[in-house]
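Chain by chain, the residues:
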Amino acid sequence: MRNNPFLFPLSGIIVAVIIILPFITSSSYILMVMLFVAIHGTLAIGMGILLEHAGIFSLAHPTWFGLGAYVAGILSARQIVSPLVGIIAGAGFVALISYLIGAPILRLRGYYLACATFALLLIVEMALGQLGSITGGHEGLMGIPPLSVGGFVFKVDTQYYFLSWALCLGCLWFLSNLLNSRAGRAIRSFRDSEVASRSMGVDIPKYKLHIFVFTSVMAALAGSIFCFYIRFAMPGMFGFPLLVELLTMIVIGGGRALYGPLLGSFITIWLRELIHLYLGKILPVMKAEVDAIFFGILIVLI
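Just so it is clear, the structure is predicted and the values come from calculations on it, not from any experiment.

Trainee: So what exactly am I meant to see when it comes to helix α3 (residues 61–77) here?
Mentor: For the α-helix, the turn length of 3.6 residues means that residues three or four positions removed from each other point alike. The end-to-end C-alpha distance of α3 is 24 Å, a good match for the 24 Å that 17 residues give at a rise of 1.5 Å each. A positive phi of about 55° marks glutamine 79, the residue just after α3.

Trainee: Teacher, can you tell me more about the pattern of salt bridges here?
Mentor: Side-chain pairs of opposite charge can arise where the charged atoms are in close proximity. Evaluated as defined, the whole model comprises 1 salt bridge. Here glutamate 245 makes a salt bridge to arginine 272, at a shortest N to O gap of 3.1 Å. Here glutamate 245 is found in helix α11 (residues 240–253), whereas its partner arginine 272 is found in helix α12 (residues 260–282), with 27 residues between them in sequence. By the burial criterion, glutamate 245 is buried, and arginine 272 matches it.

Trainee: When you look at the nonpolar core in this model, what are you seeing that I'm missing?
Mentor: In summary, soluble globular proteins display a tendency toward joint burial of nonpolar side chains. Residues Trp64, Phe65, Trp165, Leu175 and Ile211 are the most contacted members of the largest nonpolar core, which totals 84 residues. With 16 residues, helix α10 (residues 204–230) is the largest single contributor of residues to this core. Filtering out sequence-adjacent residues up to four positions away, leucine 175 remains in contact with Ile45, Ile49, Ile211, Phe214, Met218 and Leu258.

Trainee: I tried to follow α11 on my own but got confused; where do I start?
Mentor: Over its 14 residues, α11 extends 20 Å from the first C-alpha to the last, a length consistent with the 20 Å expected when each residue adds 1.5 Å. For α11, the full list of buried residues reads Pro241, Leu242, Leu243, Val244, Glu245, Leu246, Thr248, Met249, Ile250 and Gly253. Residue glycine 254 follows α11 closely and has a positive phi angle near 90°.

Trainee: It is not clear to me how the packing of aromatic side chains should be interpreted in this structure. Could you clarify?
Mentor: The description of an aromatic ring pair rests on the distance of the ring centres and on the angle between the ring planes. Tallied over the entire structure, the rule returns 16 aromatic pairs. Geometrically, the ring pair formed by phenylalanine 118 and phenylalanine 240 is edge-to-face, given 6.0 Å between the ring centres and 80° between the ring planes. Of this pair, phenylalanine 118 sits in helix α5 (residues 110–130) while phenylalanine 240 sits in helix α11, placing them 122 residues apart in sequence. Judged by its relative accessible area of 43%, phenylalanine 240 is partly exposed. When the centroid spacing of 5.1 Å and the interplanar angle of 80° are considered together, the rings of phenylalanine 152 and phenylalanine 154 count as edge-to-face. Owing to a relative accessible area of 42%, phenylalanine 152 belongs among the partly exposed residues under this scheme. Relative accessible area serves as the criterion here: at 11%, phenylalanine 154 is assigned to the buried category. Among the aromatic residues, ring-to-ring pairing joins Phe36, Phe65, Tyr70, Phe152, Phe154, Tyr160, Phe226, Tyr229 and Phe238 into one connected group. When the ring centre of tyrosine 207 is taken as origin, the NZ or CZ atom of lysine 206, which lies over that ring, is 4.8 Å away.

Trainee: When you look at the state of the cysteines in this model, what are you seeing that I'm missing?
Mentor: A disulfide bridge is the covalent bond that connects two cysteines by way of their sulfur atoms. Inspection of every chain in the model, using the stated rule, returns 0 disulfides. Here cysteine 171 is not cross-linked by a disulfide; its sulfur's nearest cysteine counterpart is in cysteine 168, at 7.3 Å. Given a relative accessible area of 10%, cysteine 171 falls into the buried group. Cysteine 171 supplies the cysteine sulfur nearest to cysteine 227, a cysteine that is in no disulfide, at a spacing of 18 Å.

Trainee: Looking at this structure, I do not really get unusual backbone geometry. What am I missing?
Mentor: The general pattern is negative phi for most residues beyond glycine and trans for most peptide bonds. Despite not being glycine, glutamine 79 shows a phi value in the positive range, around 55°. The topology assignment puts glutamine 79 in the loop between α3 and α4 (83–105). Of note in the backbone geometry, arginine 231 takes a positive phi value of approximately 55° without being a glycine. Since its relative accessible area comes to 42%, arginine 231 is described here as partly exposed.

Trainee: Just checking my understanding: could you explain the environment of alanine 233 for this structure?
Mentor: Turning to its location among the elements, alanine 233 is positioned in the loop between α10 and α11. Under the relative-accessibility criterion, alanine 233 is labelled buried at 0%. Along the backbone, alanine 233 and isoleucine 204 are 29 residues apart, and their C-alpha atoms lie at a distance of 36 Å. Among residues more than four places away in sequence, those in contact with alanine 233 are Tyr70, Gly140, Leu141, Ile144 and Phe238.

Trainee: Is there a simple way to explain a nonpolar patch on the surface in this structure?
Mentor: Taken together, the side chains of Ile19, Ile20, Phe23, Ile24 and Phe162 present a nonpolar region at the surface, about 530 Å² in accessible area. Ranked by the residues each element gives to the nonpolar patch, the list is headed by helix α1 (residues 9–24), at 4 residues. Looking at the element boundaries, phenylalanine 23 is found in helix α1. Of the residues examined, phenylalanine 23 reaches a relative accessible area of 65% and is grouped as exposed.

Trainee: I'm lost on the confidence of the model for the chain in this one. Help?
Mentor: The predicted coordinates ought not to be read in detail in places where the model reports low pLDDT. Scored by pLDDT, the chain comes out at a mean of 87, with 92% of its residues at no less than 70. Every residue in residues 1–7 scores below 50 in pLDDT, and together they form 19 contacts with partners more than four places removed in sequence or on other chains.

Calculation notes
Residues numbered from 1 in each chain as written. Predicted model: local features only at pLDDT ≥ 70, side-chain atom pairs only at ≥ 80, totals over all residues. Heavy atoms only, no water. Helix = DSSP H or I, 4+ residues; strand = E, 2+ residues; numbered from the N terminus. Expected span 1.5 Å × (residues − 1). Salt bridge = Lys/Arg side-chain N within 4 Å of Asp/Glu carboxyl O. Buried < 20%, exposed > 50% of the residue type's maximum accessible area, 1.4 Å probe, protein only. Core = buried A, V, L, I, M, F, W, Y, C linked by side-chain atoms within 4.5 Å. Contact = heavy atoms within 4.5 Å. Phe/Tyr/Trp six-rings, centres within 6.5 Å; stacked < 30°, edge-to-face > 60°. Lys NZ or Arg CZ within 6 Å of the ring centre and 35° of its normal. Disulfide = S-S within 2.5 Å. Patch = residues over 30% accessible without salt bridge, like charges linked within 9 Å, V, L, I, M, F, W, Y side chains within 5 Å. Areas by Shrake-Rupley, 256 points an atom, 1.4 Å probe, with all protein chains shown as cover. pLDDT = per-residue confidence, 0-100.

In structure tokens:
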């Protein structure tokens, strides 16, 4: 099918490299960075679908990422449910919230929608910081246990590496098939012209809401894995600097190609590591802000 990256030999080689990488390197640092590539790639792919394929200018992806992480982390840290159930609960909570918010807010278009979703990002970030008794406030949520499924406990980087890449490639495969289905053609139709799409009988509000909710759930699942891997969460991790990084990934990789944001994630995450390696010695504080400034300049240059 068209746009399906798994049909091309290069994609098969990339998947093979991802699978064998943990067996050919003993560097936990490389595995950690590639794990972050997969997690942020999942986010960037979902956001790229909204921006470039559906024409939905939403900037709320870090919000869904953070809510998924916090819900799963809080439920697990308080020993209310198991980590696996916490992940499911986080995805369900984000699906519900994104549905309730998306139904009215998706009536906006263009920059109005961007402003509304950016305001949502700021509101949620501030709320996570103020609800200290629940979220740990600005000091962060601690005491998160390692991820466990049944009796199997994820302890080493390799296990989280395969889990994060399974989520990323699984979402990529699903979206590839979705975009080549009837629903995908409907989604692409209103990106170019809602008037023409509506005249052909496409239920634009329904498809907008469905793709908005699905990509939000993708972000929530990625956030849950991220939370259990680092076993810590704080509001600043899911705010404006992350949004700038995601936009950089989409700009560098290209949003029109489904796998473009994943390529952008690879380049951006490794660039960020170089920034921390060299600029961290000069500017040892405010690293997140330094990242945002660097990537903001990079977006302008590109």
